[in-house]
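Architecture at a glance
As a plain string of letters, each chain reads:
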Amino acid sequence: RFRNTLTTWAAVAMKYSYDGNQDCPATPSGCSVYDESFARSAVANWSHWAQAEYRTPAEAWEKLGADHARSVGVSDERGVEWYRWPAVFSGGADDLGSAKPALWQPSFQFLDADGNGGISQREFEAAYAFYGSKAQSIAELLAQPAPLERTELVIASLAALATLGIAVWMAYWWYSRG
């Protein structure tokens, strides 16, 4: 059994195999069978919390995920690896045990849509948007077009108003000609 008694992260590489849980007296924490509906619920609860805590998915990523993705030298594309996810899922708390394995482990599997062993910024931002969406999976959210940023919305609105203004002017000009 590995245990880190420090308040900093440690990386351990090991090979492990498991033949099921027949004849086990109890299921150890984090070793239960994956339950997608439970994972979906855990992600929805986390998403609700994150939306209340941070104004945008980019802000949440910067405050919670970015440092965990960069600190191990992996690209932001790979994202937050499995062993770093508890700190992100628990809201960035420094206490390594603050996220219960029964919650963070299934949430990681649910969010790792591409199965690369990391929660990328895109997957993280989809998780942020999960609460309140009609999506049943992160892959479903990732398949949707990205929402427009506020600046893009302002530009699109101004363009629509300008087009409307030109149409009104043309109608007035045409009408005033007789």
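Preceding block: the structure.
This text gives an overview of the structure that appears in the document. Per chain, residues are indexed from 1 in the order of the written sequence. Given that the model is predicted, a residue must reach a pLDDT of at least 70 before its local features are reported, and side-chain atom pairs must reach 80 or more before they are shown or counted; all residues, however, enter totals for whole chains, interfaces and linings. Values reported for side chains reflect all heavy atoms of the structure, with hydrogen atoms and water molecules removed beforehand.

1. Description of the nonpolar core
Let me state the cut-off plainly: Nine residue types can take part in a nonpolar core, namely buried Ala, Val, Leu, Ile, Met, Phe, Trp, Tyr and Cys, and a core is a set of them joined through side-chain atoms within 4.5 Å. Exposed residues in this analysis have more than 50% of their type's maximum accessible area, buried residues have under 20%, and partly exposed residues fall in between, with area computed by a 1.4 Å probe over protein chains only. Numbering of helices and strands runs from the N terminus, with a helix taken as a DSSP run of H or I at least four residues long and a strand as a DSSP run of E at least two residues long. Contacts are assigned to residue pairs with any non-hydrogen atoms lying within 4.5 Å of each other.
Counting 30 residues, the largest nonpolar core has W85, L111, F124, F130 and I138 as the members making the most contacts within it. Sorting the residues of this core by element identifies α1 (36–53), α2 (57–70), α3 (85–89), α4 (101–111), α5 (121–130) and α6 (138–143) as the ones contributing at least two each. Counting residues per element, this core draws most heavily on α1, which supplies six residues. Excluding residues that lie within four positions of it along the chain, W85 makes contacts with V80, W104, S107, F108, L111, I119 and F124.

2. A closer look at the pattern of salt bridges
Heads up, the condition is: By salt bridge we mean one thing: a side-chain nitrogen of Lys or Arg within 4 Å of a carboxyl oxygen of Asp or Glu.
With the rule as written, the count across this model stands at one salt bridge. We note a salt bridge from R40 to E36, for which the minimum N-O separation is 3.5 Å. Here R40 and its partner E36 are both found in helix α1, four residues apart, which amounts to about one turn of the helix.

3. Here's the deal with the packing of α2 against α5
We apply this condition: Working convention: axes come from line fits to C-alpha atoms, limited for helices to the stretch in contact. Angles between N-to-C directions cover 0 to 180 degrees. To sort the angles, those under 35 degrees are grouped as roughly parallel, those over 145 as roughly antiparallel, those from 65 to 115 as roughly perpendicular, and the leftovers as oblique. Crossings are sorted by hand: turned counterclockwise from the far helix by less than a right angle, the near helix makes the crossing left-handed, and turned clockwise it makes it right-handed. Residues are grouped as follows: Ala, Val, Leu, Ile, Met, Phe, Trp, Tyr, Cys and Pro are nonpolar; Asp, Glu, Lys and Arg are charged; all remaining types, including Gly, are polar.
At a minimum axis distance of 9 Å, the contact between α2 and α5 shows a crossing angle of 120°. Here α2 is positioned oblique relative to α5, judged by the angle of their axes. When you trace α2 past α5, the crossing you get is right-handed. When α2 is examined against α5, the residues P57, A58, A60, W61 and L64 are found in contact with a partner set consisting of Q121, F124, E125 and Y128. Partitioning the contact of α2 with α5 into residue classes produces seven nonpolar, one polar and one charged.

4. Topic: the packing of α1 against α5
Packing of α1 against α5 leaves a shortest axis separation of 6 Å and a crossing angle of 85°. Here α1 is positioned roughly perpendicular relative to α5, judged by the angle of their axes. Between α1 and α5, the contacting residues are R40, V43, A44, W46, S47, A50 and Q51 on the first element and F124, A127, Y128, A129 and F130 on the second. Each residue belonging to the contact of α1 with α5 can be placed in one class, and the counts come to nine nonpolar, two polar and one charged.

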